[in-house]
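Analysis of the macromolecular model
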Protein chains: 2
Amino acid sequence: MDLSHRKTSKTVRFTDKSGYALAGQQIHIKQTGHEFLFGCGAFEFIPHVMSGGEEEKQLVDSWLRIFNYATLPFYWGNYEKTEGQPDKDALMKTAMFLKDKGVKVKGHPLCWHTACADWLMKYDNETIMKKQLDRIEREVTGFKGVIDMWDVINEVVIMPIFDKYDNAITRICKDKGRVGLIKTVFDKAHECNPDAVLLLNDFNTSINYEILIDGCLNAGVPISAIGIQSHQHQGYWGREKLEEVLERFSQFDLPIHFTENTLISGEIMPSHIVDLNDWVVESWPTTPEGEERQAKEIEEMYRILFSHPLVQAITTWDYRDGAWLGAPSGYIRKDNTLKPSYEMLHKLIKEEWWTDTTVTTDENGFASIDIFKGEYELNVGSMKIQTRIGDDTETVVLQ
Amino acid sequence: MDLSHRKTSKTVRFTDKSGYALAGQQIHIKQTGHEFLFGCGAFEFIPHVMSGGEEEKQLVDSWLRIFNYATLPFYWGNYEKTEGQPDKDALMKTAMFLKDKGVKVKGHPLCWHTACADWLMKYDNETIMKKQLDRIEREVTGFKGVIDMWDVINEVVIMPIFDKYDNAITRICKDKGRVGLIKTVFDKAHECNPDAVLLLNDFNTSINYEILIDGCLNAGVPISAIGIQSHQHQGYWGREKLEEVLERFSQFDLPIHFTENTLISGEIMPSHIVDLNDWVVESWPTTPEGEERQAKEIEEMYRILFSHPLVQAITTWDYRDGAWLGAPSGYIRKDNTLKPSYEMLHKLIKEEWWTDTTVTTDENGFASIDIFKGEYELNVGSMKIQTRIGDDTETVVLQ
């Protein structure tokens with residue numbers, strides 16, 4: 001497995017703050033963070049931040065030992081239950097809590113036909129469109145600097161033909177067409193925060209989504225990264241499908257984010273279910289064999305994705321069992337105990353793909369490094385520095 | 001069945017060439033041509049024009065009694081077997097022959113991965129792209145005024161993933177992406193003949209094609225009309241599918257052309273065949289029952305399409321049985337005798353949807369007309385005129 005794209009492998013000069021070479025010194029290089037985004041849903045952080053007790057603290061603590069990237073929920077129907085009364089306070093406090101811990105936050109999503117605000121439906125399409133754009137402006141501008149990454153629009157392949165229930169977003173998507181709506185909402189988000197990372201996100205990984213992306217890019221839609229959902233309640237895709245999906249979506253030469261990954265540690269959902277939401281069960285227990293399987297699948301999948309140069313993020317959807325669909329989909333059980341998948345991912349992220357090494361500089365302060373890109377703490381004697389190290393690093397100044 | 005969109009229903013003034021009202025006169029209004037494009041493949045006109053005998057003349061004569069719109073073949077591999085030696089002479093003579101008969105001609109296609117020129121494959125992709133654009137310029141400019149309607153690019157949904165054999169066009173489509181290639185070839189065709197009707201054409205009528213068109217339109221591709229193939233060797237789509245396809249492709253509010261229609265009068269091809277070209281049979285006879293069925297299906301299909309306001313053209317692919325795939329797909333049998341489908345279509349086009357009427361003008365020369373849009377010969381006494389009558393017709397001057 002070639003991981004050279006994840007590493008900085010070069011000769012770097014080490015100096016003191018006056019610019020004098022640190023010659024013949026042993027420099028301790030200790031990683032503190034990954035450039036790669038290892039993400040997870042962080043919905044449970046909201047009750048923790050707002051009114052947390054010991055139970056939530058357990059969850060938050062183990063979450064933070066692995067992940068550096070969080071998805072927070074901005075479902076319109078929930079975020080603004082009553083028109084004009086958005087729940088900004090809880091989201092802002094939670095996002096800032098995460099940011100303080102060094103976690104990058106993504107808002108999910110700004111436009112979606114599901115979990116949408118019912119009160120929108122009383123308006124005509126032109127008004128709905130205007131309110132959608134106002135909402136984008138309010139969130140993207142209002143959270144700028146705290147949240148600079150957004151799933152701008154979700155599941156557009158199905159959006160105009162979604163017929164399970166009437167909703168305001170399917171209406172405007174029918175009106176404007178898929179690419180027209182995507183372009184309108186992306187343009188607004190980009191205008192409000194030109195530096196934001198803006199994602200198109202879909203569970204449809206067929207040729208439909210390829211053609212949709214192709215059309216969007218030719219129409220000038222400012223897509224920063226392609227979001228791919230991979231909820232595998234019906235069984236692990238396997239290496240072949242995963243590599244095939246990666247190959248097809250690499251054609252655009254854009255960063256790829258696996259935005260919503262699920263691998264379960266219990267019984268597999270039957271394959272005849274088309275909309276996962278249709279699978280309603282009384283209980284869906286995690287099992288010892290299921291947990292072993294989940295850990296193996298997590299390992300293979302993360303290895304494949306981490307080794308692909310265009311993949312920049314993998315987000316597991318549920319952190320704790322029993323969240324979406326009640327599935328045993330987490331890294332921790334309902335009682336907050338760690339599952340084998342947690343141990344496996346921790347081993348990958350914090351041991352195997354993690355750098356803690358010492359290099360010896362030559363008489364001019366140079367030393368070769370071969371380390372994972374990310375945040376570092378370096379020290380020699382009483383001098384130290386906390387810094388990001390990447391391909392552009394030429395000199396490291398310790399003080 | 002509402003056909004009001006096919007008709008001119010209004011009060012028109014009739015005058016002599018001096019502008020005097022033809023008051024209280026009986027005007028004979030006799031249709032000579034349809035505005036709607038009733039088309040058919042006219043590949044067999046080439047041998048007729050170039051070296052025809054009695055056998056070809058029979059075919060041509062019956063063809064011309066029904067159709068006003070012809071598709072001529074511009075398959076690159078055939079049209080330019082040897083690089084630099086296009087077969088312009090035969091195509092130009094045939095197109096002019098058809099034009100002289102009042103038949104509108106469409107060239108098919110300018111860019112396609114199938115029936116492509118093998119000699120292109122020796123070039124790199126940049127050169128292939130240049131030669132593709134040069135070929136478009138040569139044909140669109142060279143035939144301007146004779147052929148002003150083109151299937152610019154054919155079957156793009158499958159184009160970059162077509163893997164039956166290597167070919168130059170799949171290579172450049174992989175390189176540029178679907179929408180990128182479509183935009184490049186359409187822009188060139190439009191630049192060479194801004195008044196030309198330019199079609200995107202596909203057999204894929206799934207959501208893939210919808211999304212592709214959506215992307216193209218948002219990317220500013222100058223598509224004049226959406227081309228839909230409907231080769232039904234595996235059985236008639238039926239009203240439900242036909243209406244569903246029409247509804248989905250009406251979302252773009254662009255003219256729709258049924259570009260390649262096939263309904264057969266023999267045994268139906270098994271449904272497990274995916275690429276129709278894979279069905280190779282020694283003989284595929286037309287049968288009496290099959291001919292009755294074909295005529296009924298032709299009738300229902302043409303009625304549905306003619307009644308849809310966005311449909312502007314229907315082209316049957318094979319005029320004579322035994323053409324593509326050897327199928328009994330024609331309006332005439334191999335011996336040039338007319339099939340029931342011919343009689344049925346003739347009845348629709350030249351009787352039911354055809355105007356031959358007399359109106360009486362009032363004291364100011366006005367009379368109400370309710371006639372199919374198209375070309376007309378009008379006469380009263382010794383005065384007459386040949387003219388087009390449509391929604392913009394206010395006054396008809398006879399001389």
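Above: the structure in question.
Predicted model only: the values in this text are computed from it and were never measured.

What follows is about the environment of A:Leu242. Residue and element names in this part refer to chain A. Relative to the helices and strands, Leu242 is located in helix H9 (residues 238-249). In sequence terms Leu242 and Leu305 are 63 residues apart; their C-alpha atoms lie 8.5 Å from each other. Not counting residues up to four positions away in its chain, the partners in contact with Leu242 are Tyr236, Trp237, Phe258, Met301, Ile304 and Leu305.

This part is about the interface of chain A and chain B. With 15 residues of chain A in contact, the opposing surface of chain B contributes 15 residues. Interface area, chain A with chain B, both sides summed: about 1,400 Å², of which 59% is carbon and sulfur. Contact with chain B buries area across many residues of chain A, yet A:Arg178, A:Ile211 and A:Asn218 alone supply 37% of it, more than any other trio. Connecting chain A to chain B are zero salt bridges. Taken together, the links from chain A to chain B amount to five residue pairs in polar contact (both at pLDDT 80 or more). Going through the elements one at a time, helix H7 (178-192) and helix H8 (207-218) of chain A are the ones with two or more residues in the side of chain A that touches chain B. At eight residues, H8(A) tops the list of elements feeding residues into the side of chain A that touches chain B.

A word on the relation of the copies chain A and chain B. The transform that puts chain A on chain B rotates by 180° and translates by 0.0 Å along the axis, for an RMSD of 0.0 Å. In symmetry terms, the pair is related by a two-fold rotation axis.

Now for the packing of aromatic side chains. In the structure shown here, the tally under the stated rule is 46 aromatic pairs over all chains. Between the aromatic rings of A:Phe74 and A:Trp150, the centroid separation amounts to 4.9 Å while the plane-to-plane angle is 70°, which identifies the pairing as edge-to-face. Here A:Trp150 lies in strand E6 (residues 149-154) and A:Phe74 lies in the loop between strand E4 (69-73) and helix H3 (76-79), a separation of 76 residues in the sequence. Each member of the pair A:Phe74 and A:Trp150 is classed as buried. A centroid spacing of 6.3 Å and a plane angle of 80° characterise the contact between B:Phe143 and B:Trp150, whose relative ring orientation is edge-to-face. B:Phe143 gets classed as buried once you look at its relative accessible area, which sits at 1%. Relative accessible area serves as the criterion here: at 0%, B:Trp150 is assigned to the buried category. Each residue in the set A:Phe45, A:Trp63, A:Phe67, A:Phe97, A:Tyr319 and A:Tyr331 is aromatic and connected to the rest through ring pairs, giving one cluster. Here the guanidinium or amino end of B:Lys241 rests over the ring plane of B:Trp237, the centre of that ring lying 4.3 Å away.

Each value, and the rule that gives it
- Residues numbered from 1 in each chain as written.
- Chains lettered and ligands numbered in written order.
- Predicted model: local features only at pLDDT ≥ 70, side-chain atom pairs only at ≥ 80, totals over all residues.
- Heavy atoms only, no water.
- Helix = DSSP H or I, 4+ residues; strand = E, 2+ residues; numbered from the N terminus.
- Contact = heavy atoms within 4.5 Å.
- Buried area = accessible area lost by both parts, 1.4 Å probe.
- Salt bridge = Lys/Arg side-chain N within 4 Å of Asp/Glu carboxyl O.
- Polar contact = N/O pair within 3.5 Å; in protein donor to acceptor, adjacent residues only side chain to side chain.
- Least-squares fit on C-alpha atoms with pLDDT ≥ 70 in both.
- Phe/Tyr/Trp six-rings, centres within 6.5 Å; stacked < 30°, edge-to-face > 60°.
- Buried < 20%, exposed > 50% of the residue type's maximum accessible area, 1.4 Å probe, protein only.
- Lys NZ or Arg CZ within 6 Å of the ring centre and 35° of its normal.

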